[in-house]
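Given next are the chains, with one letter for each unit.
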Amino acid sequence: MSQDALVLTETHDRVGLVRINNPKALNALNNPLMTALMDALEAFDADDKIRAMVVTGNERAFAAGADIKEMVDETPESMNAKAHIAPFDRIMDIQKPVIAAVSGWCLGGGNELAMSCDMLVASETAQFGQPEINLGVIPGAGGTQRLTRAVGKVIAMEMVLNNRTLSAEEALHYGLANRVVPVERYLEEALELAQQIAVRAPVALRTGKAAVNQAFDTYLKDGIQAERDAFYGLFATEDQKEGMQAFAEKRPANWKGA
Ligand code: CAA
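Conventions and cut-offs
Residues numbered from 1 in each chain as written. Predicted model: local features only at pLDDT ≥ 70, side-chain atom pairs only at ≥ 80, totals over all residues. Heavy atoms only, no water. Pairing = 2+ DSSP bridges. Helix = DSSP H or I, 4+ residues; strand = E, 2+ residues; numbered from the N terminus. Axes fitted to C-alpha atoms, helices over the stretch in contact; angles between N-to-C directions. Near = heavy atom within 4 Å. Polar contact = N/O pair within 3.5 Å; in protein donor to acceptor, adjacent residues only side chain to side chain. Areas by Shrake-Rupley, 256 points an atom, 1.4 Å probe, with all protein chains shown as cover. Nonpolar A, V, L, I, M, F, W, Y, C, P; charged D, E, K, R; others polar. Parallel < 35°, antiparallel > 145°, perpendicular 65-115°, else oblique. Left-handed = near helix turned anticlockwise from the far one by under 90°. Contact = heavy atoms within 4.5 Å.

### Thoughts on the sheet that holds strand β7 (residues 119-123)
Strand order in the open sheet formed by six strands is β1-β2-β3-β5-β7-β10, with mixed pairing between adjacent strands. The sheet terminates laterally at β1 (7-12) and β10 (179-181), the two strands that pair on one side only. Going across the sheet, the axis of each strand differs from the next one's by a mean of 20°, ignoring polarity. With five bridges connecting them, strand β2 (residues 15-20) and strand β3 (residues 52-56) associate as parallel partners. Its bridge partner being in β3, V18 is matched across the sheet by V55.

### Remarks on the site of the ligand
Close to the ligand lie 24 residues; A66, K69, G109, E112 and E132 are nearest. Contacts to the ligand include K24, whose backbone N or O atom sits 3.5 Å from an oxygen atom. Within the contact set of the ligand, an oxygen atom lies 2.7 Å away from a backbone nitrogen or oxygen of G109. Relative to its unbound accessible surface of 990 Å², the ligand loses 65% to contact with the protein. Breaking the shell around the ligand down by element, the ones donating at least two residues are α2 (68-71), β6 (105-107) and α5 (109-116). Tallying contributions element by element places α2 first for the shell around the ligand, with three residues. In the shell around the ligand, the residues fall into 14 nonpolar, four polar and six charged.

### Notes on the packing of helix α6 (residues 143-151) against helix α7 (residues 153-162)
Where α6 contacts α7, the two axes come as close as 7 Å, and the packing angle between them is 140°. It follows from the interaxial angle that α6 and α7 lie oblique. The two elements α6 and α7 cross, and the hand of that crossing is right-handed. Together, T144, L147, T148 and V151 of α6 and K153, I155, A156, M159 and V160 of α7 make up the contact between the two elements.

### Side note on the sheet that holds strand β8 (residues 127-129)
The four strands are arranged β4-β6-β8-β9 in an open sheet whose pairing can be described as mixed. Lying at the two open borders of the sheet, with one neighbouring strand each, are β4 (61-63) and β9 (166-167). Sheet analysis places β4 next to β6, joined by two bridges and oriented parallel. Its bridge partner lying in β6, A63 is registered against C106.

### Examining the packing of α5 against α6
Here α5 crosses α6 at 55°, and the two axes come no closer than 10 Å. The pairing of α5 with α6 is recorded here as oblique in orientation. Every pair of crossing elements has a handedness; the one defined by α5 and α6 is left-handed. Residues N111, E112, M115 and S116 of α5 form the contact with α6, whose own contacting residues are G143, R146 and L147.

The structure is reproduced here in structure tokens:
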């Protein structure tokens, strides 16, 4: 694929890697780039050989936000008519696990994209923020909602209202990141985590991801009922029989993905 492409894709065994490729603008997420990014994730999601994905930027920036220059002259009507933010939502329909590998700036729409992933590996240099207040706006791609659920109200308020930036260690402390590693290792670490997940039972992975995400959408009782239904439902799969038999026979399971 051309180095000028908006995103670059690679496969590592069963893991699909998507690199955001707009380095001159600190990986600002313009609309064509977001469309290409979601196209790439959806293609991996539809590919039976791929079981997990990693989204990354480069060492200097995961992404410094939505493309500000693209939005300067927009109006409420034009933003609505273009459904400007809609590409961000497509990640919610990805069924396979997606890990964000974050180094450097992770701001605005970049942080919103990272938070839309299922897990996050940060380099020690990562900086997380929602600086939209500096532009006279607020986060528009789910930041106020996902950030508040991740870090709690008072830190979210400080980030959204006063441009508080979180270091990688703070992001780990507040639950935005799974782990922090030296900058030389963040992508490798994310790929290793993805590889570990990729060899697990595919139907259970899909079901588990959907069940955890449902926790954000439902009342506790409804979520618990949905989880129970999904759990019972997995007893119709070959993988449940294989997984439990393998445990009893003290051998590794051989997942069929069915
Ligand atoms: N959009 C467009 N271009 C961007 C950009 C963005 N979000 N972030 C950086 N760039 C561009 C800069 O304009 C600059 O381009 P030129 O070389 O052509 O001037 C290039 O990237 C390098 O940036 P800087 O020279 O500013 O680099 P720096 O190291 O001095 O500063 C920074 C780094 C603090 C991250 C600074 O670039 C910055 O503040 N960027 C904007 C961050 C931001 O406000 N993000 C929120 C965007 S709005 C949003 O995301 C809405 C939403 O919720 C969907």
